[in-house]
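The chain contents come next:
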Amino acid sequence: QVHLVESGGDLVQAGDSLRLSCAAAGRTFTNLIMAWFREVPGKEREFVAAVRKNGEETYYADSAKGRFTISRDDAKSTVYLQMNSLTPEDTAVYYCAADTGDVLYSVRYPYAREYDYWGQGTQVTVSS
């Protein structure tokens, strides 16, 4: 079992930056693929970014590419999402997720149903 706890959400102005953190516990962090999703009321949970076990392979949604950066610190069992140039469209509850598998991850990463564990989310609100 893996327990995930997100933090760092806040109310900010358009153009500001935020750094979200997700701490993992319960098994060896280095064996987990980590990702960030976001969700707003009435919408499907949306993929944002993911990082492979070695930390060198990353994936980004088109909406995040060029503005957001995902990274991991295996010594701290933590994954981060650095968000820059925030807009009101980024307002959502942000969730971290963990995948214990690896087969065909290059095609599985955008789909929430493929992940094994989820945090409870952290609210990000961006005002204009």
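Before reading further, recall that the structure is shown in the block above.
Everything quoted here is computed from the prediction, not taken from an experiment.

**Digging into the sheet that holds strand 3 (residues 18-25)**
Line of reasoning, step 1. If you trace the four strands from one edge of the open sheet to the other, you get 1-3-8-7, paired in antiparallel fashion. A strand with exactly one partner marks an edge of an open sheet, and here the two such strands are strand 1 (3-7) and strand 7 (68-73). Neighbour-to-neighbour, the strand axes of the sheet open up by a mean angle of 15°, direction not taken into account.
Line of reasoning, step 2. Sheet analysis places strand 3 next to strand 8 (residues 78-83), joined by six bridges and oriented antiparallel. Bridging across to strand 8, R19 finds its partner in Q82.

**With respect to unusual backbone geometry**
Line of reasoning, step 1. The backbone of S77 shows a phi angle near 50°, a positive value even though the residue is not glycine.
Line of reasoning, step 2. The topology assignment puts S77 in the loop between strand 7 and strand 8.
Line of reasoning, step 3. Residue classification places S77 among the partly exposed residues on the basis of a relative accessible area of 22%.

**Brief notes about the pairing of strand 7**
Line of reasoning, step 1. What you see with strand 7 is a clean split: F68, I70 and R72 sit on the buried side and T69, S71 and D73 on the side with no burial.
Line of reasoning, step 2. As judged from the six bridges shared by strand 7 and strand 8, these two strands associate in the antiparallel manner. In the sheet register, I70 faces strand 8, and the bridge partner there is L81.
Line of reasoning, step 3. Hairpin remark: strand 7 followed by strand 8, antiparallel, with four residues in the connecting loop; positive phi at S77, about 50°.

**Details of the packing of aromatic side chains**
Line of reasoning, step 1. In total, this model carries nine aromatic pairs according to the counting rule given.
Line of reasoning, step 2. Ring geometry for Y105 and Y109: centres 6.2 Å apart, planes at 45°, overall tilted.
Line of reasoning, step 3. Overall, the relative accessible area of 1% leaves Y105 in the buried class.
Line of reasoning, step 4. Put simply, the rings of F37, F47, Y59, Y105, Y109, Y115 and W118 touch in pairs and so form one group of aromatic residues.
Line of reasoning, step 5. Above the ring of Y95, the side-chain terminus of R45 is found at 4.0 Å from the ring centroid.
Line of reasoning, step 6. The ring centre of W118 lies 4.7 Å from the NZ or CZ of R45, which sits over that ring.

Criteria and cut-off values
Residues numbered from 1 in each chain as written. Predicted model: local features only at pLDDT ≥ 70, side-chain atom pairs only at ≥ 80, totals over all residues. Heavy atoms only, no water. Pairing = 2+ DSSP bridges. Helix = DSSP H or I, 4+ residues; strand = E, 2+ residues; numbered from the N terminus. Axes fitted to C-alpha atoms, helices over the stretch in contact; angles between N-to-C directions. Buried < 20%, exposed > 50% of the residue type's maximum accessible area, 1.4 Å probe, protein only. Phe/Tyr/Trp six-rings, centres within 6.5 Å; stacked < 30°, edge-to-face > 60°. Lys NZ or Arg CZ within 6 Å of the ring centre and 35° of its normal.

These results come straight from atomic positions and should not be treated as a statement about function.
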